[in-house]
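Structure at a glance
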Amino acid sequence: MYKGFADDDVRVRKVACLCLSQFSENFSDITEYHEQVIPLLLRAMNEDDAEVQERACYSLVAYLENLDERVVKYSDMLMTRLIDLLRKGNKDIQEMAISGISAVASCAKQSFMTYYTPVMEMMKQLMTITHHDQLLLRSRATECAGIVALAVGKENFRVSILMFDSMMQIRY
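These notes cover the structure that comes with them. Since the model is a prediction, treat every value here as computed from it, not as a measurement. (Residues numbered from 1 in each chain as written. Predicted model: local features only at pLDDT ≥ 70, side-chain atom pairs only at ≥ 80, totals over all residues. Heavy atoms only, no water.)

Comments concerning the side chain of Ser59
Examined against the element boundaries, Ser59 turns out to sit in helix H4 (residues 50-64). For Ser59, a relative accessible area of 0% corresponds to the buried category. Of note is the side chain of Ser59, whose polar atom sits 2.3 Å from the backbone oxygen of Cys17. Beyond its immediate stretch of four places on either side in the chain, Ser59 contacts Cys17, Leu18, Leu20, Ser21 and Leu41. (Helix = DSSP H or I, 4+ residues; strand = E, 2+ residues; numbered from the N terminus. Buried < 20%, exposed > 50% of the residue type's maximum accessible area, 1.4 Å probe, protein only. Polar contact = N/O pair within 3.5 Å; in protein donor to acceptor, adjacent residues only side chain to side chain. Contact = heavy atoms within 4.5 Å.)

What follows is the structure, given as structure tokens:
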């Protein structure tokens with residue numbers, strides 16, 4: 001599988017991402033290889049091919065499901081890339097990037113506070129989307145805000161409650 005991430009054929013790299021996601025969903029002990037796997041996923045997320053990027057984000061979400069706070073040592077690299085994909089990617093990549101951000105937050109717990117303010121600001125903007133073809137993006141942003149709130153704890157989230165409370169009063 002590792003070799004598939006470096007293959008010259010983009011189709012093989014896409015399948016390598018899918019393979020990793022299946023391994024991650026079915027063999028939780030694959031997280032013991034995080035020092036090899038996370039760099040592969042970062043490389044795939046940095047590819048020019050949009051499908052590889054999207055599948056790499058999907059694989060990251062599946063992989064982080066069992067990783068726990070070991071993600072912290074990769075947080076800066078992962079968050080930099082996920083935020084970049086959220087800002088510049090197509091709608092499908094944006095949705096997966098939000099899921100990736102949620103997964104990092106869920107694993108990192110209190111250590112996610114470094115990213116709290118910029119992430120919550122982005123989620124706040126996305127939660128105001130009203131165009132019908134982007135409602136899934138809005139729902140992922142809403143879910144992400146909730147996951148981030150759980151990850152950082154109620155004391156840290158308390159500063160954002162008024163912002164989200166006022167948003168919930170808006171009628172769409």
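Observations regarding the packing of aromatic side chains
Evaluated as defined, the whole model comprises two aromatic pairs. With a centroid separation of 5.8 Å and 45° between ring planes, the pair formed by Phe23 and Phe27 is classed as tilted. For Phe23, a relative accessible area of 33% gives the class partly exposed. (Phe/Tyr/Trp six-rings, centres within 6.5 Å; stacked < 30°, edge-to-face > 60°.)

Some words on a nonpolar patch on the surface
Together, Met1, Tyr2, Phe23, Phe27 and Tyr33 make up a nonpolar patch on the protein surface, roughly 470 Å² of accessible area in all. Position of Tyr33 relative to the elements: it lies in the loop between helix H2 (10-26) and helix H3 (34-45). (Patch = residues over 30% accessible without salt bridge, like charges linked within 9 Å, V, L, I, M, F, W, Y side chains within 5 Å. Areas by Shrake-Rupley, 256 points an atom, 1.4 Å probe, with all protein chains shown as cover. Salt bridge = Lys/Arg side-chain N within 4 Å of Asp/Glu carboxyl O.)

Quick look at helix H7 (residues 113-126)
With 14 residues, H7 should reach 20 Å at 1.5 Å per residue; the first-to-last C-alpha distance of 20 Å fits that figure. Most pronounced at Val119, the bend in H7 amounts to some 30°. Inspection of H7 places Tyr115, Tyr116, Val119, Met120, Met122, Met123 and Leu126 among the buried residues, and these make up the whole buried set. (Expected span 1.5 Å × (residues − 1). Bend = angle between axes of the 7 residues up to and from the residue.)

Points about the nonpolar core
Of all hydrophobic cores here, the largest spans 56 residues; its most connected members are Leu64, Phe112, Val119 and Met123. Broken down by element, the residue count for this core peaks at 10 residues, all from helix H6 (residues 91-108). (Core = buried A, V, L, I, M, F, W, Y, C linked by side-chain atoms within 4.5 Å.)

Details of the state of the cysteines
Tallied over the full model, the rule gives zero disulfides. Cys57 forms no disulfide, and the closest cysteine sulfur to it belongs to Cys17, at a distance of 9.2 Å. Judged by relative accessible area, Cys57 falls into the buried class, the value being 0%. With no disulfide partner, Cys107 has as its closest neighbouring cysteine sulfur the one in Cys144, 13 Å distant. (Disulfide = S-S within 2.5 Å.)

A short note on the packing of helix H5 (residues 75-88) against H7
The geometry of H5 relative to H7 is characterised by a closest axis approach of 12 Å and an angle of 20° between their N-to-C directions. Classified by the angle their axes make, H5 and H7 are roughly parallel. H5 and H7 meet at a crossing whose hand is left-handed. Taken together, the residues of H7 that come into contact with H5 (itself represented by Ser75, Asp76, Met79, Ile83, Leu86 and Arg87) are Tyr115, Val119, Met122, Met123 and Leu126. Considered class by class, the residues forming the contact of H5 with H7 number eight nonpolar, one polar and two charged. (Axes fitted to C-alpha atoms, helices over the stretch in contact; angles between N-to-C directions. Parallel < 35°, antiparallel > 145°, perpendicular 65-115°, else oblique. Left-handed = near helix turned anticlockwise from the far one by under 90°. Nonpolar A, V, L, I, M, F, W, Y, C, P; charged D, E, K, R; others polar.)

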